[in-house]
Structure formats: C-alpha cells, structure tokens
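# A structural walkthrough
So you can see what is in the structure, the chains are spelled out below.
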Amino acid sequence: MMTGVPLSWYLILSVVLFSLGVAGFLFRRNIITIFMSIELMLNAVNLSFVSFSYELKSVNGHLYTLFVMVVAAAEAAVGLAIILTVFKNRGTLNVDELNSLKN
Amino acid sequence: MSQFYTTTDHFVLAPALMLALFGCAILLFDFLLFPNPKDRKWLTMFLLAGEAFCGYGLWRQHSFLISNGIGEITAFQGSLTMDGFALFFNWIFLIATVVVAIVSYNYLEIEGEHHGEYYALILFAQCGMFFLAAGTDLVTLFIGLELMALCFYVMVGFLRGERRSNEAAMKYLLLGAFSSGFLAYGFSIMYGVSGSTKLSDVAAAFAARDPWDPMILLAVATTSVGLLFKISAAPFHMWAPDAYEGAPTTVTAYLSVASKAASFAFLLRIFMGPLSTSRPVWEPLLAAVAIATMTFGNLAAISQNNIKRLLAYSSISHAGYMLLGLIAGNRTGLNGVAVYVMVYTFMNLGAFLVVVAMRRKGIAGEDVDDLAGLMHKSPGYAMLMLVFLLSLAGIPPTAGFLGKYYIFLSLIETGHYTLAVIGTLYVAVAIYYYFRIVKSMFIPEQFEPAPLSTSLGLRLALGVTGALTLVIGIYPEPFLRMAQTSLMR
C-alpha cells in the first residue's frame, strides 16, 4: 500500500501534468518548448503507469514505462535532428514562421 | 531455443526479423559497397532480397494456418498474434514497400539525395507495420507504431536542403508525437482498469464495466484522439496535407498508403477488441468524425492546384469512407474496410507514381497544370492516371467501386441511411476534382520538351498497380475471398 498517499492523488497529478503538456503544445511558439511539452505529456503517462502498477502489484506497467522512455529518447534524437535542419535553413525556431507550405 | 524464445515465437517473428536484419545490413555495408551514389540503385536488389525472405516467412505462416485449419498462432505469451487479419495487412505492406522501393532510386537521383539510409528506413518502417498488424499487446502496438512513425519523420524530411521538406517533417513530427502522447495516456487507463497490457484481458475488463464509467470514457476519448490523428481524420487531419506536400513524392506515396493501412489495422484491433463494448459511446462520435472527415477532405480538395496536396485531401476523405465501414460494424462493413484498404493501396500508389514520373531535372511537375497535354505526350501514362482517378472516384469497372460498394452496402444493412446518403453525395464532389486532373491531361496543349523520367522500376510498378486496380474491379472474387478470410477470428 502506498503509505498515506492514495492512488487518486497520483492520477490527479498525472492528469494535471498531461494538461500542462497539452496547453504548452497548443500555446507555446518556440519549437524546443513545444518539444519539451510533448516530453511532459509522456512523463505524465509514465507517472500514471507507475502508480497503477504499484497499486495493482503488477510489473507490466513498469515495463511499459521503460518502453515509453526509450520511445521518448528516440523521438528526441530524431526531433532535434529535424529541428537542426529547420534552423539551418531558416534561422528561426518560431512555429508561426514555418509557413512555406500552402494553406 | 529457451522458454523465452520458442520455435513458435521465431516462426511468427521471422518476417519482421528479416526486415530488421536487412535494414541493419544496409546501414552497415552501404558505405563500404557503394561509395558512389550512382551504384546505390543496387541497394534496391538488396531490399528486394529482404522482402523475399519476409514474404517467404509470411507464406509459410499462411500455409501453416491453412493446413492445420487453425485461426491464429500466438507467440511471446500472447503479445503477437499471427491470424488472417495480420497476414492480410502484412501482404499489403509488403506489396506497397516493394512498389515504392523500385521507383525510388531514379527519383532520389533526380533529387540529388540518394542515400542508403532511405532503403533501411523503409524496411524499418515496414517492420513497425508488422507489429501494428500482428500485435495484441499494448506495449507491442505502441512500439510498432513509434518504430513506423519515427522512420516516417526522417523520410518526410529526407530532402535536407529543401525548406518545404524540413517544414513538413517538423509539422509531422510535432503532431505525430502529440498524438502518441494521447494514445499512450489512453493505454495507461486501459492498463489501470484491467491490470494487464494484453488486449484480450483489457477487453474482458472493459466488458465487465459500464461503458459510461468515467474511467472507460477517459480511455475511449484519449485513445480515439490518438488513433484518429494517425489515420488523419478530421478535426485531426491538419498535418496530412503539409506532410504529403513537402515530403519527397515517393515517400508521400508510401506514407499515404502503407502508413494509413497500418494505422487502420491498429484502429480495428483497438476498436473491435478492447473498445468493442463501448460501441454506444464511440459510434455517434465516429459517425460525426467520419462526416467531418469527408466534408473537409472533399471540399478542401476542390480548390487545390498542387496534385500532391489534392491527393492528400482526397486521401483524408478516403479515411472517412473507411471509418463508415467500422461504424456499420457488421461483417459486411469490416470486410468492406479490408477491401477498401487493399483497393486504396493500389489505386493511390498508382496515382502518386504518375506524379513521381512527372518529376524531371528542373521541373517539379507537382501542379495540375503540369499534366496539361499528357495525353498527347505519353498516352500510356495518361491512360493509367485515368484508370487510377476513375478508381479513386469509385466508378465501375475499376477497383475503387468495389470498396465503396461494400461500405455503402453495410451502411444500408445496418440502417445508417443518413450516412450512406451523405457518403454518396460526396462521391459526386470527388468526381468533380478528380476530373479537373483528367481535363488537364486531355487539353491539347504543347507540353515542355523534357521527356518523363521513366525507369524500369517505375514502369514495372505502374504496370502492377494499374493491372491490380483493373483486375480487382473486373474479377474481384479471389480478392474478396482473401479479405473475408482476414476476418475469420
């Protein structure tokens, strides 16, 4: 049992973190910050998995968390590489200036 | 072979293993064997060898299922399941990958970005698709999805020096990662409700609860958002036109068919598995999404001048039609989705291949006007394009008609008359914008002197997709049987 801290508190924290990530994704204009918001969303997912895993006494959730970390790392590697090429070609990291494709 | 890796596990995993091995081998030996970009076209042969091994593995599984009269082989304690469904989709991925690979060498040379990594990336992407179609565990499915998506992010941005390609990759990456976050959150709720990551356990746990339970609702909502992003359904379709337009055309072709087919396989696994008991919750939601998808896709396509962007919007509307089959949800409907995915793969690939042929040194060939006079310049290509466009519009005797027929039939069988009527009305809109391309081809305008960029691979690929589009339309029985066996579970 979690000493004194009920499962719902962890889940509420995870929802709050996830919502912060979504808000950051929607309202921030700097690509790096947007990318960090996505990482925040994935970490909220990890928190939710780990707390469920602890509560249910099952190890699957822990494993899933490890895989999510791997995916987040791979995404960061690919993402930063793409951000670098964008910056090299344009000299800006503002998403509003990514507008050369017709809308 | 230990208890963690049995012979059955190996048997099921073999096709994906071959793809991954050949992909790694290309990465390792590309520089040693082919320092000159001109020679890199031989990597296509290498890729085809990998696909041959993969196909052999699939074929062995196929005959094993038939000869033993069983529906599925499970491996890795139930996290991979090779059944008719997974096999059907894997054959589609294999054909799409081979077709895209054999047209790519010529195109990439024209673009001046012919690197060996390209071939490795499409093999890895196909490996991810294998897990999306065969995975029956939340972890396997998530990893498969990310493996596919990460390869596509890189491939969309493959033209490093070009601003549009960078921008497309950036947008695709940001929105793709965002949707994966939603999906993973939905999966965490599924795990919390059931205490297991296996789809069958999750389905049992969901069936035991009221579908209007807040936890279940949260899981349905977040998972649906993630999945609808991946199939580019409205209102989550914004990434598709940009990614399709900016990507190299061969990658656009691959992205529009293979990635969409894999995402649909994934969607069907989730919606017909764990979420099947929540049907009263998601059915009205998906119906609204399907209508919005067809509306946005078809109406936005009307005003496009860039063919890649036009086909992007048309592929969004096709996703709407496929969703209708899931909404009907009976046997005909699911069968219709399978047939539609197969037919869409061939006709959409074909249409993009003609756009690939239009790309020549110094000519982008991406606008509708660039096709002007094609009928007089190279009637063969124009006739093939006509077949693909007729098929996309759903006019008999082409294959596209068959796909739409089963979708509408299932809607009528289940009493969704309004949806059927709306779907039919949008077919008329679609005919309008497809025929803008046809009209442009038949204008007797003098075409620029530069010949179309043909290669053996391109002609072969066009022949295969064109023939399949016609054959499925005229003699559909064997293909329908294949689609039907895919659903025997």
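Presented here is a report on the structure given in the accompanying data block. The structure displayed is predicted, hence computed values, not measured ones. (Residues numbered from 1 in each chain as written. Chains lettered and ligands numbered in written order. Predicted model: local features only at pLDDT ≥ 70, side-chain atom pairs only at ≥ 80, totals over all residues. Heavy atoms only, no water.)

Take the overall build of chain A next. The helix and strand inventory of chain A stands at 3 helices and 0 strands. When the helices and strands of chain A are placed in sequence order, the string is α-α-α. In terms of overall dimensions, chain A is more spread out than a globule: its C-alpha atoms have a radius of gyration of 17 Å, far above the 13 Å expected for 103 residues. Residues counted as buried form 41% of the 103 residues belonging to chain A. Pairs at least 24 apart in sequence give 58% of the contacts found in chain A among residues at least 6 apart. For chain A, the computed accessible surface area is about 5500 Å², with 71% contributed by carbon and sulfur atoms. Chain A carries 6 positive and 5 negative side-chain charges, and their two centres are separated by 7 Å. (Helix = DSSP H or I, 4+ residues; strand = E, 2+ residues; numbered from the N terminus. Rg over C-alpha atoms; globule rule 2.2 N^0.38 Å. Buried < 20%, exposed > 50% of the residue type's maximum accessible area, 1.4 Å probe, protein only. Contact = heavy atoms within 4.5 Å. Areas by Shrake-Rupley, 256 points an atom, 1.4 Å probe, with all protein chains shown as cover. Lys, Arg positive; Asp, Glu negative; His and termini not counted. Charge placed at Lys NZ, Arg CZ, Asp CG, Glu CD.)

Another point: the environment of Pro379(B). All names here are of chain B. Assignment of secondary structure puts Pro379 in helix H15 (residues 379-393). The exposure class assigned to Pro379 is partly exposed, which follows from its relative accessible area of 39%. Separated by 63 residues in the primary sequence, Pro379 and Phe442 have C-alpha atoms spaced 9.7 Å apart.

A general tendency of soluble globular proteins is for nonpolar side chains to be buried together. All names here are of chain B. Of all hydrophobic cores here, the largest spans 221 residues; its most connected members are Met155, Phe187, Tyr254 and Leu323. Considering each element in turn, this core owes the most residues, 20 residues, to helix H13 (residues 331-358). Aside from chain neighbours lying at most four places away, what touches Leu323 is Leu228, Ile231, Ala233, Phe264, Leu267, Leu286, Val289 and Ala290. (Core = buried A, V, L, I, M, F, W, Y, C linked by side-chain atoms within 4.5 Å.)

Right, let's talk about the interface of chain B and chain A for a bit. Taken residue by residue, the interface counts 43 residues in chain B and 42 residues in chain A. For the interface between chain B and chain A, the tally reads 1 salt bridge. One salt bridge in this structure joins Glu167(B) and Arg90(A), with 2.8 Å as the shortest N-O distance. Of all the secondary-structure elements, those providing two or more residues to the side of chain B that touches chain A are helix H5 (138-156), helix H6 (163-194) and helix H9 (239-246) of chain B. (Salt bridge = Lys/Arg side-chain N within 4 Å of Asp/Glu carboxyl O.)

What follows covers the packing of aromatic side chains. Residues and elements named next belong to chain B. Using the criterion set out here, one finds 30 aromatic pairs over all chains in the structure. Each ring, one from Tyr321 and one from Tyr340, has its centre 6.4 Å from the other, and the planes form 15°; the classification is stacked. With Tyr321 in helix H12 (residues 307-328) and Tyr340 in helix H13, this residue pair connects regions lying 19 residues apart in the sequence. Judged by relative accessible area, which is 2%, Tyr321 ranks as buried. Assessed through its relative accessible area of 1%, Tyr340 is described here as buried. (Phe/Tyr/Trp six-rings, centres within 6.5 Å; stacked < 30°, edge-to-face > 60°.)

Before going further, it helps to spend a moment on unusual backbone geometry. Residue and element names in this part refer to chain B. Geometrically, the link from Ala234 to Pro235 is a cis peptide bond, its omega value of 0° lying close to zero. Residue Pro396 is joined to Pro397 through a cis peptide bond whose omega torsion reads 5°. Note that Pro397 resides in the loop between H15 and helix H16 (399-413). Notably, Gln77 is not glycine yet its phi reads approximately 50°, a positive angle. Note on placement: Gln77 falls in the loop between strand E1 (72-75) and strand E2 (80-83). With phi around 55°, Ser232 is a residue other than glycine that occupies positive phi space. In this structure Ser232 comes out as buried when scored by relative accessible area, which is 0%.

The next point concerns the pattern of salt bridges. Residue and element names in this part refer to chain B. One pass over the structure, following the stated rule, counts 17 salt bridges over all chains. Residue Glu113 pairs with Arg160 through a salt bridge whose shortest N-O separation is 3.8 Å. Separated by 47 residues along the polypeptide, Glu113 in the loop between helix H3 (84-111) and helix H4 (117-134) and Arg160 in the loop between H5 and H6 bring together distant segments of the chain. The class for Arg160 is partly exposed, based on a relative accessible area of 48%.

Along a regular strand, successive side chains alternate from one face of the sheet to the other. All names here are of chain B. The side-chain alternation of E1 yields one buried face, formed by Ile73 and Ala75, and one unburied face, formed by Glu72 and Thr74. For E1 and E2, the ladder comprises 4 bridges, and the chain directions are antiparallel. Within E2, the residue paired with Glu72 across the bridge is Asp83. The antiparallel pairing of E1 with E2 creates a hairpin that spans 4 residues between the two strands, and Phe76 there sits at a positive phi of about 50°. (Pairing = 2+ DSSP bridges.)

A surface patch of nonpolar side chains, about 460 Å² in accessible area, is lined by Val59(A), Leu63(A), Leu66(A), Phe67(A) and Met69(A). When you line up the elements, Leu66(A) lands in helix H3 (residues 60-90). (Patch = residues over 30% accessible without salt bridge, like charges linked within 9 Å, V, L, I, M, F, W, Y side chains within 5 Å.)

Residue and element names in this part refer to chain A. For Met69, the location among the structural elements is in helix H3. For Met69, a relative accessible area of 45% gives the class partly exposed. For the pair Met69 and Asn43, spaced 26 residues apart in the sequence, the C-alpha separation amounts to 8.3 Å.

What follows concerns the packing of H4(B) against helix H10 (residues 249-271) of chain B. All names here are of chain B. Where H4 contacts H10, the two axes come as close as 8 Å, and the packing angle between them is 20°. For the element pair H4 / H10, the angle class is roughly parallel. Once H4 is placed against H10, the crossing between them reads as left-handed. Residues Tyr118, Ile122, Ala125, Gln126, Met129, Leu132, Ala133 and Ala134 of H4 pack against Thr250, Val251, Tyr254, Ala258, Ser259, Ala262, Ala265, Phe266 and Arg269 of H10. Tallied by class, the residues present in the contact of H4 with H10 amount to 13 nonpolar, 3 polar and 1 charged. (Axes fitted to C-alpha atoms, helices over the stretch in contact; angles between N-to-C directions. Parallel < 35°, antiparallel > 145°, perpendicular 65-115°, else oblique. Left-handed = near helix turned anticlockwise from the far one by under 90°. Nonpolar A, V, L, I, M, F, W, Y, C, P; charged D, E, K, R; others polar.)

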